[in-house]
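# Structural features, examined
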Amino acid sequence: MAAKITMSPGGVLSVPDDPIIPFIEGDGTGVDIWPAAKRVLDAAAAKHQHRIEWKEVLAGEKAYNETGNWLPEETVEVFREYLIGIKGPLTTPVGGGFRSLNVALRQVLDLYVCLRPVRWFQGVPSPVKRPDLVDMVIFRENTEDIYAGLEVQEGTPEAKRLIEVLHEELGWDIRPDSGVGVKPISVTGSKRLIRAAIRYALDRGRKSVTMVHKGNIQKFTEGAFRQWGYDLVREEFADVAVGWDDCGGRPGGKLLVKDNIADITLQQVLTRPGDFDVIATTNLNGDYLSDALAAQVGGIGIAPGANVNYVSGHGIFEATHGTAPKYAGQDKVNPGSLLLSGVLMFEHLGWQQAADDIVRALEATIADKVVTYDFARQMEGATEVKTSELASAIVDRL
Ligand code: NAP
């Protein structure tokens, strides 16, 4: 009988062979990509004697149409109870009381890591010369920074008052016709994010963690993030990792933890991608960096993502692109982003062989030039297939 995934007191996920996993189909092209991704995930799981009992939960338009609520409390409760879930893209309701449903879910479950692996699949059209050198894993802080939503609109009494208080208390001169935002970066938020990145790098035998920040300008937020990261290495990882300044860039057999300014990083991931491995960064930098890197290896149709709290055990794995409404229901778009998010989920569950099988089958499918429209339009001699046909092609190669 299917069972729940639980978290052991030691902080390790306990995963039955037949776990119940909640899913949100997603709006727009969710109706196309979810069934395709699910078919491949089920086939790969079955090959390794696993069986997932999928449990649908509602969010977005489907939820609104059926319940009048964009993000029903029941959905949040199910994710809370079952720990691990997967979701398609969701429409951001205009004036729905939410900044974004995705951001709301991350905040309610305190999913403090946004995990975005970026690698190239042989044959995928790319705008750069050596996409094969890109193999990075981005850990983006998910709960702080300007995404905390602490801003006041220009001209409102709140903005006026805040500008006055900042002038009276701190002597700051802010133009009266300004909107003002607050950027909190905490020791807690920074250390737990960098800790997760270091552990991930150690578990997978990666060679470095680069902290990407804008600390030369924003000293007490971005600069502090960097410093707290180096402190953490000394406090908790001294036997297995070393900061750049403590080893002059020569880590011996240890994991190297280094740092890089955000603007230079956006150049260097293009000019020398081989220098980057695991990246730990603040929320806004991570947003820019993950989209820029996704483009480098073939675009958003195949970029996976996960939002994870490694302490509570909660994780939601998700397509990183939006709902692409103009293609909804056409059985046309690339299911790769959601499928590879499922692969990330399998890895997180410890189902590494099933995850590897899917990656190999996807590689073989792309190598045979069997692809959806987004790749076909950039590849010579490609066979363009529908979303569902791509799923069949991948299952055939499993
Ligand atoms: P989008 O849905 O990501 O679509 C932008 C373009 O990206 C599409 O027109 C298409 O490019 C390409 N694309 C997207 N998904 C693809 C796929 N599966 N395969 C191949 N190509 C794909 O962005 P948007 O139009 O700005 O946003 C639409 C809605 O999605 C909004 O309501 C937005 O708030 C929401 N959104 C949700 C999420 C999320 O749930 N995680 C993320 C971002 C946006 P071409 O036109 O070149 O074919």
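Above this text is the structure in question.
Residues numbered from 1 in each chain as written. Predicted model: local features only at pLDDT ≥ 70, side-chain atom pairs only at ≥ 80, totals over all residues. Heavy atoms only, no water.

## A look at the overall build of the protein
Test applied: Secondary structure elements are defined from DSSP: runs of H or I of at least 4 residues count as helices, runs of E of at least 2 residues count as strands, and each element is numbered from the N terminus. Radius of gyration here is computed from C-alpha atoms only, and the compact-globule reference equals 2.2 Å multiplied by the residue count raised to the power 0.38. Per-residue accessibility, obtained with a 1.4 Å probe over protein chains only, is compared with the maximum for each type, and a residue is labelled buried under 20%, exposed over 50%, and partly exposed between these values. Values of accessible area rely on a 1.4 Å probe in the Shrake-Rupley scheme; residue burial ignores everything except the protein chains shown. By the counting rule applied here, Lys and Arg register as positive and Asp and Glu as negative, while His and the ends of each chain are not counted. Where a charge sits is defined by one atom per residue type, namely NZ (Lys), CZ (Arg), CG (Asp) or CD (Glu).
For the protein, the helix and strand inventory stands at 14 helices and 17 strands. In terms of C-alpha radius of gyration, the protein reaches 22 Å, essentially the compact-globule figure of 21 Å for 398 residues. Within the span of the protein, comprising 398 residues, buried residues form 53% of the whole. For the protein, the exposed area adds up to about 17800 Å²; of that, 51% sits on carbon and sulfur atoms. Considering the protein, the positive charge centre built from 42 side chains and the negative charge centre built from 54 side chains are found 4 Å apart.

## Remarks on the nonpolar core
To keep things clear, this is the line we draw: Residues belong to one nonpolar core when they are buried, are Ala, Val, Leu, Ile, Met, Phe, Trp, Tyr or Cys, and are joined through side-chain atoms within 4.5 Å. Contacts: residue pairs with any heavy atoms within 4.5 Å of one another.
Counting 92 residues, the largest nonpolar core has Trp54, Ile86, Phe139, Ile198, Val209, Met345 and Phe346 as its most contacted members. Setting aside chain neighbours within four positions, we find Met345 in contact with Ile21, Trp54, Ile84, Gly85, Ile86 and Phe317. Ile20, Val78, Phe79 and Tyr82 belong to the second-largest nonpolar core, a separate cluster that totals 18 residues.

## Brief notes about the packing of helix H1 (residues 30-47) against helix H11 (residues 336-349)
Going by this rule: Inter-axis angles, ranging from 0 to 180 degrees, are taken between N-to-C directions of lines fitted to C-alpha atoms, where helices are fitted over the stretch in contact. A clockwise turn of the near helix away from the far one marks a right-handed crossing, whereas an anticlockwise turn of less than a right angle marks a left-handed crossing. Any residue outside Ala, Val, Leu, Ile, Met, Phe, Trp, Tyr, Cys, Pro, Asp, Glu, Lys and Arg is labelled polar, Gly included; the first ten of those are nonpolar and the last four are charged.
The interhelical angle for the contact between H1 and H11, taken along N-to-C directions, is 35 degrees, at an axis separation of 9 Å. With respect to the hand of their crossing, H1 and H11 are arranged in right-handed fashion. Taking contact as the criterion, the partners of Ile33, Trp34, Ala37, Val40, Leu41, Ala44 and Ala45 in H1 are, on H11, Leu338, Leu339, Gly342, Val343 and Phe346. In terms of residue class, the contact of H1 with H11 is made up of 11 nonpolar, 1 polar and no charged.

## Section: the side chain of Asp32
Put simply, the rule reads: We define a salt bridge as a contact between a side-chain nitrogen of Lys or Arg and a carboxyl oxygen of Asp or Glu at a distance within 4 Å. By the criterion applied in these results, polar contacts are pairs of N or O atoms within 3.5 Å in which, for protein atoms, one can donate a hydrogen and the other can accept it, and in which residues neighboring in sequence qualify only through two side-chain atoms.
Mapped onto the fold, Asp32 is located in helix H1. Although Asp32 is buried, it forms no salt bridge, and the closest oppositely charged side chain is Lys386 at an N-O distance of 9.3 Å. Within the structure, Asp32 has its side chain in polar contact with the backbone nitrogen of Gly329 (distance 2.9 Å). In this structure the side chain of Asp32 is engaged in a polar contact, spanning 3.0 Å, whose partner is the backbone nitrogen of Asp331. In contact with Asp32, not counting residues within four places along its chain, are Tyr327, Ala328, Gly329, Gln330, Asp331 and Thr387.

## Description of helix H5 (residues 157-170)
Let me state the cut-off plainly: How far a helix is expected to stretch is found by multiplying one less than its residue total by 1.5 Å. Starting at the helix axis, one direction is taken to each C-beta atom, and the arc is that of these directions.
With 14 residues, H5 extends 19 Å between its outermost C-alpha atoms, agreeing within 8% with the 20 Å of an ideal straight helix rising 1.5 Å per residue. Buried within H5 we find Ala159, Ile163 and Leu166. Looking down the long axis of H5, one finds its buried residues gathered within 65 degrees of arc, a one-sided arrangement. Facing away from the buried side of H5 by more than 90 degrees, the exposed set consists of Pro157, Lys160, Glu168 and Glu169. Those residues of H5 that are buried lie in contact with strand S8 (151-152) and strand S9 (180-181). Following H5 by one or two positions, Gly171 has its phi on the positive side, about 70 degrees.

## Quick notes on the pairing of strand S13 (residues 278-281)
On a regular strand, each side chain points to the face opposite its neighbour's, so the side chains alternate between the two faces of the sheet. The criterion, for reference: Paired strands, in this sense, are two strands between which DSSP finds at least two bridges.
Side-chain alternation along S13 places Val278 and Ala280 on one buried face and Ile279 and Thr281 on a second face that is also buried. Where strand S7 (residues 135-141) and S13 come together, 4 bridges link them in parallel fashion. Pairing of Ile138 across the sheet is with Ile279, part of S13. Sheet topology note: the strand S10 (residues 208-213)/S13 ladder contains 4 bridges and is parallel.

## Overview of the packing of aromatic side chains
Our working rule: Two rings belonging to Phe, Tyr or Trp (six-membered ring only in the last case) form a pair when the distance between their centres is within 6.5 Å. Interplanar angles under 30 degrees mark stacking, angles over 60 mark edge-to-face geometry, and anything in between is tilted. Note on geometry: a ring has a charge over it if NZ (lysine) or CZ (arginine) is within 6 Å of the ring centre and within 35 degrees of the ring normal.
This structure, assessed with the given rule, holds 7 aromatic pairs. A centroid spacing of 5.0 Å and a plane angle of 50 degrees characterise the contact between Tyr327 and Tyr373, whose relative ring orientation is tilted. With a gap of 46 residues between them, Tyr327 in the loop between strand S15 (315-319) and H11 and Tyr373 in helix H13 (residues 373-376) connect regions that are remote in the sequence. Comparing Tyr327 with Tyr373, the two get one shared label, buried. Through pairs of rings, three or more aromatic residues link up here, namely Phe23, Trp34 and Trp54. Over the ring of Tyr82 we find Lys4, and its NZ or CZ is 5.5 Å from the ring centre. Looking at Arg140, its charged tip hangs above the ring of Tyr147, at a distance of 5.1 Å from the centre.

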